[in-house]
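So the chains spell out like this:
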Amino acid sequence: MKAKDSPAEPSSYSISELAREFDITTRAIRFYEDKGLLCPARRGQTRIYSPEDRVRLKLILRGKRLGFSLDESREIIDMYDPAHGNVEQLQRLLLHIEQKRAQLQQQLRDIESLMGELDDAEARARTALQLNIDS
């Protein structure tokens, strides 16, 4: 039994197709275009996005989910160099991941400290309230 061929990837995408696929607004896509992260071709007023634009958008959104700034995402995406195994790109990605992880760990420590302070303040307030009720 022969496996069915998967459908071929489209050669181009409209802004609404990409917005629908990635569950974002067309305005968000235009924002990334204004920032120079996407450069679609134009047919009159119509934007025509290539498969490469689609991949870039996917990577931009992945970077956003990971907490990277647009500049950080641009830096990593622009380093794409398959001829050399993307070594520099991957090293830069690992550096950004390491930095983001350190930042989040510090934020977690800060939150844990604040939670402890809130617990202490709550305990003091409950004690004072109970003393007032018992008086």
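Residues numbered from 1 in each chain as written. Predicted model: local features only at pLDDT ≥ 70, side-chain atom pairs only at ≥ 80, totals over all residues. Heavy atoms only, no water.

Q: So, the nonpolar core: which residues are in play, and what are the values?
A: By size, the foremost hydrophobic cluster in this structure holds 14 residues, and its most contacted members are Leu18, Ile29, Tyr32, Leu38, Tyr49, Leu57 and Ile60. Going through the elements one at a time, helix H1 (15-22), helix H2 (26-34) and helix H3 (51-65) are the ones with two or more residues in this core. Here the element with the most residues in this core is H1; it accounts for four residues. When near neighbours in sequence (up to four residues on either side) are disregarded, Leu57 contacts Leu18, Phe22, Ile24, Ile29, Tyr32 and Leu38. (Core = buried A, V, L, I, M, F, W, Y, C linked by side-chain atoms within 4.5 Å. Buried < 20%, exposed > 50% of the residue type's maximum accessible area, 1.4 Å probe, protein only. Helix = DSSP H or I, 4+ residues; strand = E, 2+ residues; numbered from the N terminus. Contact = heavy atoms within 4.5 Å.)

Q: Summarise the side chain of Lys100; cite the residues concerned and give the values.
A: Among the secondary structure elements, Lys100 is positioned in helix H5 (residues 87-134). Among buried charged residues, Lys100 stands out as having no salt bridge; its nearest opposite-charge side chain is Glu72, 5.4 Å away. When neighbours within four sequence positions are excluded, Lys100 is seen to be in contact with Leu66, Gly67 and Phe68. (Lys, Arg positive; Asp, Glu negative; His and termini not counted. Salt bridge = Lys/Arg side-chain N within 4 Å of Asp/Glu carboxyl O.)

Q: Please set out the UniProt feature "coiled-coil region" (unreviewed entry) in the protein residue by residue, giving values where relevant.
A: The UniProt record annotates "coiled-coil region" (unreviewed entry) at residues 87-131. The span residues 87-131 is 100% helix and 0% strand, and its two end C-alpha atoms sit 66 Å from each other. (UniProt positions renumbered as here; feature names shortened; annotations may be inferred.)

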